[in-house]
Amino acid sequence: MKLRDLSEDELKARQSELKAVYDQFKESRLSLDLTRGKPSTEQLDLSNDLDGILEGFFLLQDGTDVRNYGGILGIPEARQLGADILSLQPSQVLVGGNSSLTLMYNLIAHMIPEWQGEKQASNSKVKFICPVPGYDRHFTICESFDIEMINVNFLPSGPDMETIEELVARDPMIKGIWCVPKYSNPSSHSYDEDTVKRFAKLGNLAGADFRIMWDNAYVAHHLTDKPVRLPDLMALAQEAGTEDSVVMFASTSKVTFAGAGISFLGTSEKNLKAFEKFLVPQVISFDKVNQLRHVRFLKDLDTLAAHMNKHRALLEPKFEMVQKKLQAAVGDKDIAEWTRPDGGYFISLNTLPGIASVVVELAASAGVKLTPAGATFPYGLDPENRNIRVAPTFPSLEDLEKALDVFVVCLELASLNRLLAQ
Ligand SMILES: Cc1ncc(COP(=O)(O)O)c(C=O)c1O
């Protein structure tokens, strides 16, 4: 039954009932964590064969010794793998170290001088559009470069393209946009065909120095039998003459080892040349031994897909557990809405307006850590204080169940307090 249909006395009775349950949780001194969007140990174990896979053979087919310096763009075999993953040509791909975030940071660092002149002339900050809710570390990169962030909401089809097009056409200091086009962090959106087509044309509304930061972190991370297939942004951009506006990223952080994978950056050959020039003073080459290990292990798209199915088998019960618990506890109470992801790492939940931070605080006091409310918005400011990111991948199924039992009580208790205060 909807909570708002209860009388004040009924609400109060339910409040004291739940308060007693909550106090019991507090006394049991739990220590559970739903903050971490990282793979579990069992998931990491799926890639243990990486260790020792080279068996002492360090030479590429062309005779290159991967143990030595050189080849800043990556070994050809890994560039091919990255190209297959991102639907690009190998000549458009750089293979980096273990973090695609480093590549994103560096891509922006290398654009800063290009944006400088216009910034000074207009006496305005460089600005980026941030579809919200989004990935906090994208926002941290912007903050570190003093880039002003503009929130744009999602529609079911993806980010609100009409607003984005208007903004970009109106303000030349908007120099970029963050996108997680497939199984978005945290909202689970996958952009539809029309959205991707409109992204391909965005560069024509903006200037030549506008960049779409297409972070395809969850490109292979399906949770269903019907993987989403994104339209090919680079091909569409080439048709529209905007290929320099597209910069794609991916990594194997949630495929093999989160702390020891390889990363990919894909863009036009012209952009890649300029980016390579920027990297030369800081690195002679990335870890080619690890690139070779990954090529031997992941081989091709079919082998990658089979490997990701093993991840899915471990992840699906956890995502199902969250759905089951939420549905059973608050499904009919009309106090929250949440996503049912087809892939990716997160469930995004919206509380009644104004209480996400209260839910997070209540859960923390009862020993369940959640991502801080607001973290999914630029500057940590959720204008409606509603969004909570639930990360079910890392805890064991047993811990996840316990954490959710606490979470749903905190969610309902905060909602009851709110309704009674109205
Ligand atoms: C959208 C998104 N991009 C990038 C990353 C981090 O990627 P990497 O480990 O390659 O730096 C994450 C990790 O959670 C993510 O969710």
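The model shown is predicted, which means the values in this text are computed figures rather than measured ones.

Participant: Quick question: what am I supposed to make of the site of the ligand here?
Facilitator: Every residue close to the ligand is listed here: Ser-99, Ser-100, Leu-101, Tyr-135, Val-180, Asn-185, Asp-215, Ala-217, Tyr-218, Ser-251, Ser-253 and Lys-254. At 2.9 Å from an oxygen atom of the ligand is found a side-chain nitrogen or oxygen belonging to Asn-185. A distance of 2.5 Å is found between a nitrogen atom of the ligand and a side-chain nitrogen or oxygen belonging to Asp-215. If the ligand stood free it would expose 400 Å²; the protein chains cover 89% of that surface. Here the residues of the shell around the ligand sort into five nonpolar, five polar and two charged.

Participant: Mind showing me how you'd approach the domain arrangement of the protein here?
Facilitator: When the parts of a complex come together, some accessible area is lost, and that lost area is often taken as the interface size. If you check the domain split of the protein, you get domain 1 (3-43 + 305-421) and domain 2 (59-299). For domain 1 versus domain 2, the separation of C-alpha centres amounts to 31 Å. Every contact between the two is made by 26 residues of domain 1 and, on the other side, 30 residues of domain 2. Regarding the contact of domain 1 and domain 2, the summed buried area is about 2400 Å², with carbon and sulfur atoms giving 62% of it. Applying the counting rule to domain 1 against domain 2 returns one salt bridge. Arg-312 serves as the salt-bridge partner of Asp-225, at 2.8 Å between the closest nitrogen and oxygen. Scanning the region where domain 1 abuts domain 2 turns up twelve residue pairs in polar contact (both at pLDDT 80 or more).

Participant: Explanation requested: the pairing of strand 7 (residues 211-215) in the structure shown.
Facilitator: Successive residues of a regular strand alternate their side chains across the two faces of the sheet. Burial analysis of strand 7 places five of its five residues in the buried class, which makes it a mostly covered element. Alternating residues of strand 7 divide into Arg-211, Met-213 and Asp-215 and Ile-212 and Trp-214, and every residue in both groups is buried. Strand direction decides the pairing type here: strand 6 (residues 174-179) and strand 7, joined by four bridges, are parallel. What sits directly across from Gly-176, in strand 7, is Arg-211. For the crossover from strand 6 across helix 7 (residues 193-205) to strand 7, the handedness is right-handed. Alignment of strand 7 against strand 8 (residues 246-251), held across four bridges, turns out to be parallel. Its bridge partner lying in strand 8, Met-213 is registered against Val-247. Read as a crossover between parallel neighbours, the route from strand 7 over helix 8 (residues 233-240) to strand 8 is right-handed.

Participant: Can you walk me through the sheet that holds strand 13 (residues 387-390) in this structure?
Facilitator: Within a sheet, adjacent strands bond to each other through the backbone by hydrogen bonds, running parallel or antiparallel. Overall, antiparallel pairing links the three strands, which are arranged 10-11-13 in an open sheet. The open sheet has two edge strands, strand 10 (337-338) and strand 13, and neither has a second partner. One ladder, built from two bridges, connects strand 10 with strand 11 (residues 347-350); its direction is antiparallel. Looking at the pairing, Trp-338 lines up with Leu-349 of strand 11.

Participant: It is not clear to me how the sheet that holds strand 6 should be interpreted in this structure. Could you clarify?
Facilitator: Strand order in the open sheet formed by eight strands is 2-9-8-7-6-3-4-5, with mixed pairing between adjacent strands. Every other strand in the sheet has two partners, leaving strand 2 (93-96) and strand 5 (158-159) as the edge strands with one partner each. Note: strand 2 against strand 9 (residues 263-266), four bridges, orientation antiparallel. For Val-93, the partnering residue across the bridge sits in strand 9 and is Gly-266.

Participant: Explain empty space enclosed by the protein here, please?
Facilitator: One simple way to see leftover space: roll a probe sized like a water molecule over the atoms. Taken as a whole, this structure holds three cavities of 30 Å³ or more when the rule is applied. Looking at the largest cavity, its volume works out to about 90 Å³. Around the largest cavity, the lining comprises 13 residues; the ones closest to its centre are Pro-131, Gly-134, Phe-154, Trp-178 and Val-180. Counting residues per element, the ones that place at least two in the lining of the largest cavity are helix 5 (136-144) and strand 6. Of the residues assigned to the lining of the largest cavity, the class counts are nine nonpolar, four polar and no charged.

Definitions and limits used
Residues numbered from 1 in each chain as written. Predicted model: local features only at pLDDT ≥ 70, side-chain atom pairs only at ≥ 80, totals over all residues. Heavy atoms only, no water. Near = heavy atom within 4 Å. Polar contact = N/O pair within 3.5 Å; in protein donor to acceptor, adjacent residues only side chain to side chain. Areas by Shrake-Rupley, 256 points an atom, 1.4 Å probe, with all protein chains shown as cover. Nonpolar A, V, L, I, M, F, W, Y, C, P; charged D, E, K, R; others polar. Domains from an automatic or database assignment. Contact = heavy atoms within 4.5 Å. Buried area = accessible area lost by both parts, 1.4 Å probe. Salt bridge = Lys/Arg side-chain N within 4 Å of Asp/Glu carboxyl O. Buried < 20%, exposed > 50% of the residue type's maximum accessible area, 1.4 Å probe, protein only. Helix = DSSP H or I, 4+ residues; strand = E, 2+ residues; numbered from the N terminus. Pairing = 2+ DSSP bridges. Right-handed = clockwise from strand over helix to strand, strands pointing away. 1 Å grid on protein atoms, 1.4 Å probe; cavity = no way out; pocket = protein on both sides within 12 Å on 5 of 7 lines; lining within 4 Å. Points joined across faces, edges and corners; volume = space filled by probe spheres on them.

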